[in-house]
Amino acid sequence: MADGQPTDLGKGSAAAVVTVIGGGLAGCEAAAMAATVAAKAPAEGGLAVRLFEMKPECFSPAHTSPHLAELVCSNSFRSDDPDSAVGLLKAEMKLLGSLTMAAADSCRVPAGGALAVDRERFGETVDRLIAENPRIELIRAKAERPFDPALAKDGPVVVATGPLAGPETTGPLAELAGGGNLHFYDALAPIVTRDSLDPDKFFAADRYAQGPGSYLNCPLSQDEFEAFLAALLAADRVRARPFEEERYFEGCLPIEVMAARGPRTLTFGPMKPVGLVDPRTGQRPAAVVQLRPENLAGTHYNLVGFQTRMTVGAQEEVFRLIPALKKAKFARHGAIHRNTYVDAPRFLDPFQGIPALPGFFLAGQITGVEGYVESAAQGLWVGLNAARTALGRRPVLPPRVSALGSLLARLGPNDGQKPFCPSNVNFGLFPPPSPNLPKRQWSLERLERARSCWEPFLKEIDHAPAPRP
Ligand SMILES: Cc1cc2nc3c(=O)[nH]c(=O)nc-3n(C[C@H](O)[C@H](O)[C@H](O)COP(=O)(O)OP(=O)(O)OC[C@H]3O[C@@H](n4cnc5c(N)ncnc54)[C@H](O)[C@@H]3O)c2cc1C
């Protein structure tokens, strides 16, 4: 590598190379999908994939593991219900041959109706799937100039450096975007050790008894809830730095910001007791904190929905007011972080290419999708198009009626309406139902349209998912 930049790495005898920068969820998916397309196209001169990952040489403020596709906070890929928007998106990813979904399925931990994984095994599995792929060369080094046009001389470049990307990404991006590079905040939930919980003060159950009882539920009486709420509202918080503006993603608000909106915000939100009955009293508690297992061994648990920007001392004081957590040991405290994303509808083309920098694509959370699943799904599609472009084929959009098509459509041109802000996948992004269809049939129509669109589309673009071990 000369001057921190790659030279002919990863090309070998291939006519073209897809370069992916950042081995996170989006980057690994992009690399794996580009390799899948490459595997079907040897007659076109061959296509190689090179993937840069800066860990373990450098870590962002939130990354700590040397593995690829690190899950920086929760270990959950959310609902597995195929009738939910995120469940549908995951089903589509599986159909397309997603590396993330294959890895996640192989190291699930019990989590009721959610797909949650053993974090360590998930990372190891992604490492292995990338290492075993003969078309991908993994380069453990930081790309010092991710937008250097020289990188694109052998083929398309996918920049997937994530929401915590360093100045080597954000500086040029801000310049390219004419200062329109945005940021907002997100927050991490704490993790506690199971052996530090009071076994007489929690019960194992899934909401509405839908599952084997994967969550540990920590009940609070009305008095305990009120004391907790008062302490939460009075607690010290980490202040934003002068150059940082306090803006949060509505789907991931810090617990204290939710509490400040009114006492019922918590009992209708992360502390909601509905569907849970304490077997010791036979009653529904006034409020409940749910703990989800972090690993298969069940030694560590995540406080579900308890992202926070309280100071470390305040977190210990306030969370120990939850009776089951009176002596809790914190394996990780909550934290706040910056989350960088671009104004995709104005800055990117419909395929998430950068018109101002031909040959470059953006992938992952930095494009304004929000969440592990969404970042991986968007990365998968960018990988497909980067490989198609390298092979001289036209880039394609997924069917608009699908979950993936709906997610990506949100990043496309939007007639300049409203300020762009990141979004999870949700049914509000899907095309409207047929006119005059009774409301109760909307969701059925949406699901049917999304499920039936893929087979003809995949035939049309001649895509077959890679077999996964
Ligand atoms: C602190 C935090 C907590 C989050 N919690 C959740 C959550 O609980 N659930 C959820 O669904 N979503 C969460 N998100 C949102 C989002 O889903 C994740 O950030 C997701 O990991 C984004 O995937 P990505 O591939 O875009 O970026 P990342 O997964 O961050 O991957 C980027 C990769 O690029 C590498 N890299 C960066 N710069 C370079 C460079 N110059 N050269 C080489 N490599 C480089 C990094 O080391 C990293 O491995 C969280 C985000 C943050 C920041």
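Relevant structure appears above.
For the structure given in this document, a descriptive report is provided here. (Residues numbered from 1 in each chain as written. Predicted model: local features only at pLDDT ≥ 70, side-chain atom pairs only at ≥ 80, totals over all residues.)

What follows covers the site of the ligand. As a matter of local geometry, the ligand sits amid 40 residues, with G22, G24, C73, G162 and G364 nearest to it. Sorting the residues of the shell around the ligand by element identifies α1 (25-39), α5 (167-176), β8 (181-188), β15 (335-342) and α11 (372-390) as the ones contributing at least two each. (Near = placed C-beta within 6 Å. Helix = DSSP H or I, 4+ residues; strand = E, 2+ residues; numbered from the N terminus.)

Spatially, β6-β2-β1-β7-β16 is the arrangement adopted by the 5 strands of the open sheet, whose pairing is parallel. Where the open sheet ends on each side, the last strands, each with one partner, are β6 (136-139) and β16 (360-362). Each strand of the sheet is rotated relative to its neighbour by a mean of 20°, with strand direction disregarded. Bridge count between strand β7 (residues 157-159) and β16: 3 bridges; the pairing is parallel. Note that in β16 the partner of V159 across the bridge is L362. Sitting on the sheet, α11 touches β1 (16-21), β2 (47-52), β7 and β16, and the angle it makes with β1 is about 155°. (Pairing = 2+ DSSP bridges. Axes fitted to C-alpha atoms, helices over the stretch in contact; angles between N-to-C directions. Contact = placed C-beta atoms within 7 Å.)

Glancing now at the packing of helix α2 (residues 85-96) against α11. Two elements in contact, α2 and α11, have axes whose closest approach is 11 Å; the angle formed by their N-to-C orientations is 35°. The handedness of the crossing between α2 and α11 comes out as left-handed. Contact with α2, carried on its side by V86, L89, K90, M93 and L96, involves V373, A376, A377 and L380 of α11 and no other residues of that element. A per-class count over the contact of α2 with α11 returns 8 nonpolar, no polar and 1 charged. (Left-handed = near helix turned anticlockwise from the far one by under 90°. Nonpolar A, V, L, I, M, F, W, Y, C, P; charged D, E, K, R; others polar.)

For the rest of this paragraph, the subject is α2. Between the first and last C-alpha of α2 there are 17 Å, a value that for 12 residues agrees with the 16 Å anticipated at 1.5 Å per step. Of all the 12 residues making up α2, 9 are buried; the element is thus mostly covered by neighbouring parts of the structure. Buried residues of α2: A85, V86, G87, L88, L89, K90, E92, M93 and L96, and no others. Remark: G97 follows α2 within two positions and exhibits a positive phi of approximately 90°. (Expected span 1.5 Å × (residues − 1). Buried ≥ 20, exposed ≤ 12 C-beta atoms within 10 Å, placed from the backbone.)

Moving on, we get to the sheet that holds strand β13 (residues 300-303). The antiparallel open sheet is built from 6 strands, whose spatial order is β10-β11-β12-β13-β9-β14. Looking along the sheet, the strands with just one partner apiece sit at the ends: β10 (203-204) and β14 (330-332). As judged from the 2 bridges shared by strand β9 (residues 191-193) and β14, these two strands associate in the antiparallel manner. Residue pairing for β14: V192 is matched across the bridge by F330.

Read these as geometric descriptors, not functional statements.
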